[in-house]
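Architecture at a glance
Here is how the chains run, residue by residue.
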2 protein chains.
Amino acid sequence: MDIAALRTAHPDHWKKATAIRSLTLDAVAAANSGHSGMPMGMADVATVLFEKHLNFDPKVPDWPNRDRFILSAGHGSMLLYALMYLTGYEDITLDQIKNFRQWGARTAGHPEYGHARGIETTTGPLGQGIANSVGFAIAEEVQRATWGKKIIDHYTYVMAGDGCLMEGVSQEAIGLAGMQKLGQLVVFFDNNNITIDGTVDMADITDQPARFAASGWHVQSIDGHDPEAIDAAITAAKQDPRPSMIACKTHIALGHAAQDTSKGHGALTDADQLRAAKEAYGAPLGEFEVEAAVKSQWEAIGARGEATRKDWESRFATLSATKQADFNRAYAGEAPKRLSATIRALKKQVTEGQPKVATRKSSEMVLEVINPVMQETIGGSADLTGSNNTKTSDLGIFTPENRKGRYIYYGVREHGMAAAMNGIALHGGMRPYGGTFMCFTDYARGAMRLSALMGVPVTYVMTHDSIGLGEDGPTHQPVEHLAMLRATPNMNVFRPADTVETAEAWEIALTATKAPSVLSLTRQGLPTVRKEHKNKNLTAQGAYVLAEAEGKRQAILMASGSEVATALEARDLLQADGIGTRVVSMPCWELFAAQDESYRRRVLPAGPVRVAIEAGVRLGWDQWLFGERGNAKKADFVGMPGFGASAPAERLFEEFGITAADTAAKVKALLK
Amino acid sequence: MDIAALRTAHPDHWKKATAIRSLTLDAVAAANSGHSGMPMGMADVATVLFEKHLNFDPKVPDWPNRDRFILSAGHGSMLLYALMYLTGYEDITLDQIKNFRQWGARTAGHPEYGHARGIETTTGPLGQGIANSVGFAIAEEVQRATWGKKIIDHYTYVMAGDGCLMEGVSQEAIGLAGMQKLGQLVVFFDNNNITIDGTVDMADITDQPARFAASGWHVQSIDGHDPEAIDAAITAAKQDPRPSMIACKTHIALGHAAQDTSKGHGALTDADQLRAAKEAYGAPLGEFEVEAAVKSQWEAIGARGEATRKDWESRFATLSATKQADFNRAYAGEAPKRLSATIRALKKQVTEGQPKVATRKSSEMVLEVINPVMQETIGGSADLTGSNNTKTSDLGIFTPENRKGRYIYYGVREHGMAAAMNGIALHGGMRPYGGTFMCFTDYARGAMRLSALMGVPVTYVMTHDSIGLGEDGPTHQPVEHLAMLRATPNMNVFRPADTVETAEAWEIALTATKAPSVLSLTRQGLPTVRKEHKNKNLTAQGAYVLAEAEGKRQAILMASGSEVATALEARDLLQADGIGTRVVSMPCWELFAAQDESYRRRVLPAGPVRVAIEAGVRLGWDQWLFGERGNAKKADFVGMPGFGASAPAERLFEEFGITAADTAAKVKALLK
């Protein structure tokens, strides 16, 4: 690469881009870890984007109508941090840059949502950013249609590398974006032909523009170091009605001895090579030094957005007070006041009617009353709409022709759906939920973990949550998935027993602001177990006494979801034999664990034998069976010993011994 | 669709295909569940494939050089079962067809590997079959190169639907297969434009042939009901040196009232419509009836392969006795006799040298000695070769130019790698292992679960297994992943403490025949904790006493992996204060749980306080802390309270309190 020619051709541009490159070199060297090559390769694209196109205001990083910038190649985090520092984001000071990757710094190894205002999403696990971006763009489309172009009308820009595009989730994102004609989504592909293992062609020969074009994208291929070509491509991308992909031919670690090599991907820390690179740039500056004039130019770029933002604020001020309040409420993640009363009314109605329905149907009943009063919900399913019961009558379908639609046919794309939902939630103003079979949390895991890590209140509607799925067999029957989800920090896992608990779980999910929720729901019909109406949300306590022992309390049965009814039946059998038995419904372990000890002690007192019933693996249950004043000698578990089988559901519960009779027998054995 | 014209044009073909269709209709109706439409749509392709191309012998379903047939759209299982019954596979009788989806039947809702000889892989979770098939084709290439075309030279045929192709894992498979020029892989795309939610274009507008072509595939588009077009396309596909995709335009549920509709995807059970469909086919036969002449024709197709198989046996018999034995040993999944001595020698050397190395490096040391003596291993990494330490000097790189290479650059494709490894293992004759960061088990979960469900002995090399990863931060630091893997049935999860345990874990993984193994390995250096050589594989017991208490045994410290060294340090602190402390290393819970109680009791006796140390979440540990004669009042855990952070590793262990001092303090608090 002829660095000198680049310098000469566009000297002002070059200096601005050099600031990014040299801060990257210095920060990685100081940290003695990190990824230098990507920021050095993409500095030109970033400079043109920020200088000429991106609408942003570092002083108000969360201005709702800003353009979103997603660094899908999150290992190149220094690109983002450098841009934020240079343009004047308060949270990213030079000290933060100097403390790159250190304890307590906002400048984590990969961009972490919440660490600094202006970081739009957590990236690093490859492919997530580009898949998030589809959600950002969907949210923008819905809100543009809903609020009008004067209020919402912005672009979502993404930088993705070879790694992002090799990850399968990228195909799910590309396919969804192409079909949905998300014209305000622009993806820059950092086409540097280098991965960690070597050149890309050692593992992939995909013609990426052709691949994107096959899914309905507008594609361009440019020299990623030519500021004029970059500018022209962005302009064209913005004008095209399709989502745009710009393949930017770049040199990883441009100007460094490791340019165009795998080594260039990682941490370039050699002092001599670092100095040589800076000299090649024509900027032999000191450590973390940025020429004052260049910093001023960057700050001017940062200041450019203030007027645009203020214009927007003026326009926003012309909305009615009600509309403004509603917009702000949705962006704050606050549920409408009517939600609580709506849920209470449904609970009352259900305790009176006592329907026997599958909890997936219960969930639909809840959504039917919620969606009309909570206009920021946006539902969907990964091609299992009729099975997940996620679509309610009022939503409308989100399509290129109907941007006000609030229901998305995500296609057979669990991972892409989960990642898009993260993006929708992160965009602000909307609250996404989406469904698939519980077993296919496996496919969505990569994005579900990020929901939890970022603390975004996405709701996962996971139906067919056990062998109760029946004939489809073990590939479709979750057994380990509850344990997997419970093992994940900052995730509320609900397994409601009936419609009342389902309504309560939804209320918690829809008022959560810092954690995702998973609703584990049955395929099979369940009786209403909550027969007495309470205004209070009992599920919020995580576990509670559903049926008290008659006579001396000798046994406590703990259960979740479909097995709560089994526990109640077992209680009948045991009480008939004079064995006083309490039934504890445990719809949410995380919330129960968060209760104070006195409450937990009231629910799970010492003394009685304990049997837990859940049509899944035992892992984790010992906390409640043996811990919490329990006794390992007086506890047992009724559940799955391993994978399921293909047969009608009733037969499976019998064969695997998850019945009232089996439960009662275990209690009696413990009492002997 | 003009059924009459199809019947007339190719009457013999039509009758054979009709047998598939009517068996499907009858079986689904009898089960009152299942998926009728796919087998009815793809019956013509299947008939031509089986009649004219597929090399198979129903009498010897596991003949090594057979062509492989993978039903990636596994919900269409009745297609496979019908073909197997019609052509005379012993395991799939008419009774099995009649018991479709019933308890104990081999004809599960989705094809389950191991239920019947002739089912090549478990499918149903969409995209897995096509991704497996890449592994089958890789195994074939390596073995063709190794053993010669006379011994191994076969095709791998796949049927995949829209759903398979929307799943991201399919892109990983397509990309890998295209780059690797797997010319003996042929994918039929069941292009019926129907998904569960409606027409495909409601979620996807991808031009699939263009997408495959972009990754280097040979593509064709044909009428999937025209037997001549099908035959010609297969012939062309076989001749082309690239992997081939044949887009077959089909009508889901052909000839049924539900044809070309979403309803046609599912269970078509209406008796009148069923009868009408059979009449349209010109075969108004009784339930499960197949015309005798047609059955004979199908049996003749089944008999066609016997001669080919016998020819192969003659050729195989010309190999030297040693070569035959080696081939058969590898196909039986038996390790070479030298493996055990090789491992023992390494262990001895390590206990003498006591190196301080990361267990990922330990793993490399083990592989360096194993790979030369175990020629059936085939390694790889999802673009983290240098980090996973999976490549040894003797393997060679598998590329289109070097088919004897035993190391695969899988690209940034964790899911595709895992699914391909399942295919390689299922093919027979090879034992795959592959690496990525432990955190990205998230991406590979869909296929890892199937390794466990099928019981295929794939080995996952998961490095950077805790906050010990350091600066890359929480997106890359597993905390819940050990729990997730332990929750999965039939999977051995190893977290070795040093090179000796790593060698022992590898020995178990490489001799396993019915379960996959996961090796959870550190980034950071660890001291050798096994300082005395034992021939016996102590890791095979799952847990064992590593250091005995001196004086009265007051405490037991349990730990795995990197925290075993921490436990030993804590023991030093405690012993210095006169507190007799035993350290139990627990490299594999599953194997410890499988020991008899007397052994477990010896390792974990009642009485002492127990503290477990593991740099992950607590979920599951209560089994060993509170259970197994433990006492909840005298037990504690040192581990992660939630997600990690970005900082140097040492700092993280200190900040999260996973140190010897923290451990000793918890023991002392319990002893008070």
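Residues numbered from 1 in each chain as written. Chains lettered and ligands numbered in written order. Predicted model: local features only at pLDDT ≥ 70, side-chain atom pairs only at ≥ 80, totals over all residues. Heavy atoms only, no water.

Focus: the overall build of chain A
In terms of regular secondary structure, chain A is built from 27 helices and 18 strands. In summary, chain A has a C-alpha radius of gyration of 28 Å against a globular reference of 26 Å for 672 residues, a match within 12%. For chain A, the spread of C-alpha atoms along the principal axes amounts to about 95 × 55 × 45 Å. Here chain A, with 672 residues, has 69% of them falling under the buried criterion. When the accessible surface of chain A is split by element, carbon and sulfur atoms take 49% of a total near 20100 Å². If you average the places of the 70 positive and of the 77 negative side-chain charges in chain A, the two averages end up 7 Å apart. (Helix = DSSP H or I, 4+ residues; strand = E, 2+ residues; numbered from the N terminus. Rg over C-alpha atoms; globule rule 2.2 N^0.38 Å. Buried < 20%, exposed > 50% of the residue type's maximum accessible area, 1.4 Å probe, protein only. Areas by Shrake-Rupley, 256 points an atom, 1.4 Å probe, with all protein chains shown as cover. Lys, Arg positive; Asp, Glu negative; His and termini not counted. Charge placed at Lys NZ, Arg CZ, Asp CG, Glu CD.)

Here we look at the pairing of strand E16 (residues 580–585) of chain A
All names here are of chain A. Most of E16 sits inside the fold, with six of its six residues counted as buried. Burial along E16 is two-sided: Gly 580, Arg 582 and Val 584 and Thr 581, Val 583 and Ser 585, pointing in opposite directions, are all buried. Here strand E14 (residues 544–547) runs beside E16; their pairing, made up of three bridges, is antiparallel. Paired with Ala 547 across the bridge in E16 is Val 583. Bridge count between strand E15 (residues 553–559) and E16: six bridges; the pairing is parallel. Counted as the bridge partner of Ile 556 is Arg 582 from E16. Handedness of the E15-helix H22 (residues 562–576)-E16 crossover: right-handed. (Pairing = 2+ DSSP bridges. Right-handed = clockwise from strand over helix to strand, strands pointing away.)

A word on the relation of the copies chain A and chain B
Superposition of chain A onto chain B requires a rotation of 180 degrees combined with a translation of 0.0 Å along the rotation axis, giving an RMSD of 0.0 Å. Look at the turn and shift together and you get a two-fold axis relating the two. Considering only C-alpha atoms, the part of chain A nearest the rotation axis is A:Gly168, at 1.8 Å. A share of 100% of interface residues in chain A that are also interface residues in chain B marks the association as one of identical surfaces. (Least-squares fit on C-alpha atoms with pLDDT ≥ 70 in both. Contact = heavy atoms within 4.5 Å.)

Considerations on the domain arrangement of chain A
Interface size is commonly expressed as the accessible surface area that is lost when the partners come together. Residues and elements named next belong to chain A. Looking at chain A, the domain boundaries give domain 1 (3–309), domain 2 (338–526) and domain 3 (542–671). Domain 2 and domain 3 are separated by 26 Å when their C-alpha centres are compared. Each partner contributes to the interface: domain 2 provides 26 residues, whereas domain 3 provides 31 residues. Summed over the three residues of domain 2 that lose the most area to domain 3, namely Ile 467, Arg 486 and Arg 495, the buried surface amounts to 31% of that side. (Domains from an automatic or database assignment. Buried area = accessible area lost by both parts, 1.4 Å probe.)

What to know about the packing of helix H16 (residues 359–373) of chain B against helix H21 (residues 499–511) of chain B
Residues and elements named next belong to chain B. For the pair H16 and H21, the least separation of the axes is 9 Å and the interaxial angle reads 55 degrees. In this view, H16 runs oblique relative to H21, as classed from their interaxial angle. As for the relative orientation of H16 and H21, their crossing is right-handed in sense. Taking contact as the criterion, the partners of Thr 359, Ser 362, Ser 363, Met 365, Val 366, Leu 367 and Ile 370 in H16 are, on H21, Thr 499, Thr 502, Ala 503, Trp 506 and Leu 510. Tallied by class, residues from the contact of H16 with H21 come to seven nonpolar, five polar and no charged. (Axes fitted to C-alpha atoms, helices over the stretch in contact; angles between N-to-C directions. Parallel < 35°, antiparallel > 145°, perpendicular 65-115°, else oblique. Left-handed = near helix turned anticlockwise from the far one by under 90°. Nonpolar A, V, L, I, M, F, W, Y, C, P; charged D, E, K, R; others polar.)

Some thoughts on the packing of aromatic side chains
Summed over all chains, the structure comprises 48 aromatic pairs over all chains. Judged by centre distance (4.5 Å) and plane angle (20 degrees), the ring pair of A:Phe327 and A:Tyr331 falls under stacked. A residue pair is termed a helical-turn pair when its members lie 3 or 4 positions apart in one helix, as A:Phe327 and A:Tyr331 do in helix H14 (residues 321–332) at four residues. Taking the relative accessible area as the measure of exposure, A:Tyr331 reaches 23% and is therefore partly exposed. The interplanar angle of 20 degrees and the centroid separation of 6.3 Å between the aromatic rings of B:Tyr157 and B:Phe188 together place this pair among those described as stacked. Taken as a pair, B:Tyr157 in strand E2 (residues 156–161) and B:Phe188 in strand E3 (residues 185–191) lie far apart in primary sequence, 31 residues in all. The same class applies to B:Tyr157 and to B:Phe188, which are both buried. (Phe/Tyr/Trp six-rings, centres within 6.5 Å; stacked < 30°, edge-to-face > 60°.)

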